[in-house]
Amino acid sequence: MKRFHFVALTLIGLLCWPANTQAAPKPTLDIKAYLDAGKKRVIYPTDVQIQMLAPFVPQTRYRPAPPIGDRAFWRGVGGKESAQAIIAQAQKHIDTQPEVPITDAIYRRANKEGNRGIYKPRYYRTMERLERAVIAECVEDQGQYLPQITEHLNAIMAMKSWLHPNHDDGKNSVLEGKRVAIDLGARKFGSVLMLAEVLLEDRLPDELRAKIRTQIQWRITDSYLKSCRGEDRKGNSWIYGTSNWNSVCTGGSVFSSITASEDTAERVAVLGSAINSMKQYLSGFGADGYCSEGVGYWNYGFGNYLYLSQMIYDYTDGAVDLFAFDDPAKMKRVGDFPSNFEIQNAVYPCFADGGAKIKEGNDNFAYLLSAKYYGAPKPTYSRPADITMQIMEWVDPESHVDPTREAAGLPDHSFFELSGVTISRGRQAVPFSIAVKAGHNDENHNHSDVGSYLMVLGDNFIMSGDLGAPPYKAGAFSSKHKVRSSWGHPVPRIDNTLQSNGRAFRGKVLDTHFSESLDRVVLDLAAAYEVPSLTKLVRTVENDKSGMGTITVRDEFAASTPVAFDVPVMTHAAYEVVDSKTVLLKNAGQTIKVEITAEGGTFTIKDQKVPVKDIRYADEAFKIGVELDGKHRQGAIVMTFTAQ
């Protein structure tokens, strides 16, 4: 990638450089040694870490691309189809006013209700228009977008809070000016402001540029470093997190800070903090590469991690490599996660809040860079998530070339052994496959879903099984939410008791068998429930790949005292209860026959509609409960799903 800065060489580096011989490899930061020099649960770098990192950090601010004055570069960008699409949108909205600040009343209402629809579109439309106008002005350099850019910049800086209102506390203390914090919205506001400042340079008045940098110092850099030093543990607690919040907010905070700050020591502190924080983020992935947030959040969260990694790699001229981090083998598995997690036909398990379907044309920055750095299959198109990522492609087009090889076919099965997730893929003309998880009930975007599964028949996802995420509204993240609790998952209920939450409440893989014709996984689910009398709860899932396909789910229990026992069939599909032991699931001309038997007693089918609107993948969902009659010390319910 073309560079627009220089890395200062240390005195040691100069003394060690061999004279009159082939140049030795450039010195690089030893990430493992750097992390070892840190303090546990402290994000701000230690003095030793600062000494290790400082020689690789340039004396100048970060620049993501040449400024507007580099006409050769921007004329080249202007000839790209991706840039033309951005310019067309900028021209279309050149007279549109900014939609921020929103009123205090709307902010408070959104905070109280968790209602994203009354503010989020306004936030992001404003930021997108500003980004597009900046790119259009850089390409055309005629000044026609500068009035709108200036207006949008001032409107953003006039906002009392850059937070999404539902990320403020119950007292709206950020809105009230009592504290400052960074969230998914604030990091983006900071990034678009600095994108304008660093690219447009003297096309903006000096006073406005200084005001932008002052705002970034106050709202982003100072807030970020204060939290990293441990001086504000309430604010920006995501710096310790393992979810997408950490990588996304860190990436935006770093971009804003190292483009704005004239203080080299401060930029070192920001970068050093980011590396330490990313250790926390990456610990959220299993050593087997598993992402408990699912493929959608992998694309978003890991995509922003890769964005941060590319930014730091470019800024330090390759001396700081977060792509390999301290465990290259694990990073490769994380980068190739979607290829192993796909069930079939671009359908993925929607465990927790994970997405089940990635639409063609969606942003795929994570896939692009995973192909480059980890050898993952290259996507068939290129569309980075936002303009700052798109700029990386313009600066380094060789990183985003068209695919040179066909993606390998999916294997017969995938087994994430450490995370307890199995995907068994059918090979029929209309493939019938299943994904099933053990896991635990303290995962990112957690659902109480130990033992959950998802069946896919052909292109019809969620024919039966996990319903996916509820709408993100007030109460959506409560552990008692009907779709988030185990009530809304295809897992047993023991003596009217649902699964409990916490890492201790987990499943265990007891046995597996994989062959061309039959896959089997046996799970111990007992530890997911706080039922003192429960002594055994084993779920056995078999995928018989012969014929049109048959999947059997057998749940066997034992208890020291008699308990009630029931297991549901969860579905978005139309269904018919044919008789006392048979249910048909129907969708898009395809049918699954569910035959139910019981051991140790008789059973009753009780179907009901799930009382949640706007579930992500359908307008409605249904719970077809299968309840053993009376209470029993032991027994089993067996469900046989056969493709018709």
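To be clear, the structure that these remarks concern was listed above.
Residues numbered from 1 in each chain as written. Predicted model: local features only at pLDDT ≥ 70, side-chain atom pairs only at ≥ 80, totals over all residues. Heavy atoms only, no water.

(A) A look at the overall build of the protein. When helices and strands are tallied, the protein shows 17 helices and 19 strands. In summary, the protein has a C-alpha radius of gyration of 27 Å against a globular reference of 26 Å for 644 residues, a match within 12%. Taken over the C-alpha atoms alone, the protein extends approximately 80 × 65 × 50 Å along its principal axes. Taking all contacts inside the protein whose residues are at least 6 apart in sequence as the whole, residues at least 24 apart take part in 69%. In the structure as shown, the protein presents an accessible area of about 25,800 Å², 50% of it carried by carbon and sulfur atoms. Mean positive and mean negative side-chain charge positions of the protein (74 and 76 charges, respectively) differ by 4 Å. (Helix = DSSP H or I, 4+ residues; strand = E, 2+ residues; numbered from the N terminus. Rg over C-alpha atoms; globule rule 2.2 N^0.38 Å. Contact = heavy atoms within 4.5 Å. Areas by Shrake-Rupley, 256 points an atom, 1.4 Å probe, with all protein chains shown as cover. Lys, Arg positive; Asp, Glu negative; His and termini not counted. Charge placed at Lys NZ, Arg CZ, Asp CG, Glu CD.)

(B) Quick peek at the pattern of salt bridges. Counted according to the given criterion, the structure contains 39 salt bridges. The partner of R71 in a salt bridge is D141, with the nearest N and O atoms 3.8 Å apart. Of the two residues, R71 is situated in helix α4 (residues 71-78) and D141 in the loop between α7 (120-140) and α8 (146-157); the sequence distance between them amounts to 70 residues. What you see here is one network of salt bridges that share partners, running through R61, E197, R209, R213 and E262. (Salt bridge = Lys/Arg side-chain N within 4 Å of Asp/Glu carboxyl O.)

(C) Structural detail: the sheet that holds strand β12 (residues 550-563). With antiparallel pairing, the eight strands of this open sheet are ordered in space as β9-β10-β11-β12-β19-β16-β15-β14. This sheet does not close on itself; its edge strands, each paired only once, are β9 (508-514) and β14 (574-579). Taking each pair of neighbouring strands and ignoring which way they run, the sheet shows an average axis angle of 15°. Pairing of strand β15 (residues 582-587) with strand β16 (residues 590-599), which is carried by six bridges, proceeds in the antiparallel orientation. Of the residues in β16, the one forming a bridge with L584 is K593. (Pairing = 2+ DSSP bridges. Axes fitted to C-alpha atoms, helices over the stretch in contact; angles between N-to-C directions.)

(D) Representation of the side chain of D169. Assignment of secondary structure puts D169 in the loop between α8 and α9 (184-200). In this structure, D169 is in contact with N111, R179 and K234, ignoring residues within four places of it in sequence.

(E) Region of interest: the sheet that holds strand β17 (residues 603-609). Judged by pairing direction, the sheet is antiparallel, and its four strands sit side by side in the order β7-β13-β18-β17 without closing on themselves. The sheet is open, and its two edges are formed by β7 (493-494) and β17, each paired on a single side. Judged from the two bridges that link them, β7 and strand β13 (residues 565-571) form a sheet pairing that is antiparallel. From the neighbouring strand, R493 faces β13, where its bridge partner is D566.

(F) Fine view of the packing of α9 against helix α10 (residues 206-228). In contact at an axis separation of 10 Å, α9 and α10 are set at 155° when each is read in the N-to-C sense. Relative to α10, the element α9 is oriented roughly antiparallel. Considering how the two elements wind past one another, α9 and α10 form a crossing that is left-handed. Between α9 and α10, the residues in contact are A186, G190, L193, M194 and E197 and R209, I212, R213, I216 and I220, respectively. Here the residues of the contact of α9 with α10 sort into six nonpolar, one polar and three charged. (Parallel < 35°, antiparallel > 145°, perpendicular 65-115°, else oblique. Left-handed = near helix turned anticlockwise from the far one by under 90°. Nonpolar A, V, L, I, M, F, W, Y, C, P; charged D, E, K, R; others polar.)

(G) Examining the pairing of strand β10 (residues 518-524) more closely. Counting buried positions along β10 yields five of seven residues, so the element is predominantly enclosed. In this sheet, β10 lies alongside β9 in antiparallel orientation, the contact comprising six bridges. Among the inter-strand pairings, K508 is bridged to a residue of β10, identified as D524. Taken together, β9 and the strand that follows it, β10, pair antiparallel across an intervening segment of three residues. Sheet topology note: the β10/strand β11 (residues 534-544) ladder contains seven bridges and is antiparallel. Bridge assignment links L523 to a residue of β11, and that residue is R539. (Buried < 20%, exposed > 50% of the residue type's maximum accessible area, 1.4 Å probe, protein only.)

(H) View of helix α5 (residues 81-92). Over its twelve residues, α5 extends 17 Å from the first C-alpha to the last, a length consistent with the 16 Å expected when each residue adds 1.5 Å. Tucked inside the fold, the buried residues of α5 contact α4, α7 and α17 (387-395). (Expected span 1.5 Å × (residues − 1).)

(I) Focus on the environment of L130. With respect to the helices and strands, L130 occurs in helix α7. Sequence spacing of L130 and L537 is 407 residues, and the spatial spacing of their C-alpha atoms is 56 Å. Not counting residues up to four positions away in its chain, the partners in contact with L130 are I149, H152, L153, I156, V192 and L193.

(J) The pairing of β13, seen in detail. Within β13, seven of the seven residues are buried, which leaves it mostly tucked inside the rest of the structure. Neither face of β13 is exposed, since F565, V567, V569 and T571 on one face and D566, P568 and M570 on the opposite face are all buried. In this sheet, strand β18 (residues 622-628) lies alongside β13 in antiparallel orientation, the contact comprising six bridges. Paired with V567 across the bridge in β18 is V626.

(K) Region of interest: the packing of aromatic side chains. Counted according to the given criterion, the structure contains 27 aromatic pairs. Here Y62 and Y315 contribute two aromatic rings whose centre-to-centre distance is 5.6 Å and whose plane-to-plane angle is 80°, an arrangement assigned as edge-to-face. You can see Y62 sitting in the loop between α3 (47-53) and α4 and its partner Y315 sitting in helix α13 (residues 294-315), a full 253 residues away along the chain. Here Y62 matches Y315 in class, with each residue buried. An angle of 85° between the planes, with centres 5.1 Å apart, marks the rings of F73 and W74 as edge-to-face. For the pair F73 and W74, one class covers both residues: buried. What links up through ring pairs into an aromatic cluster is the set Y281, F285, W298, F302, Y305, Y367 and Y374. (Phe/Tyr/Trp six-rings, centres within 6.5 Å; stacked < 30°, edge-to-face > 60°.)

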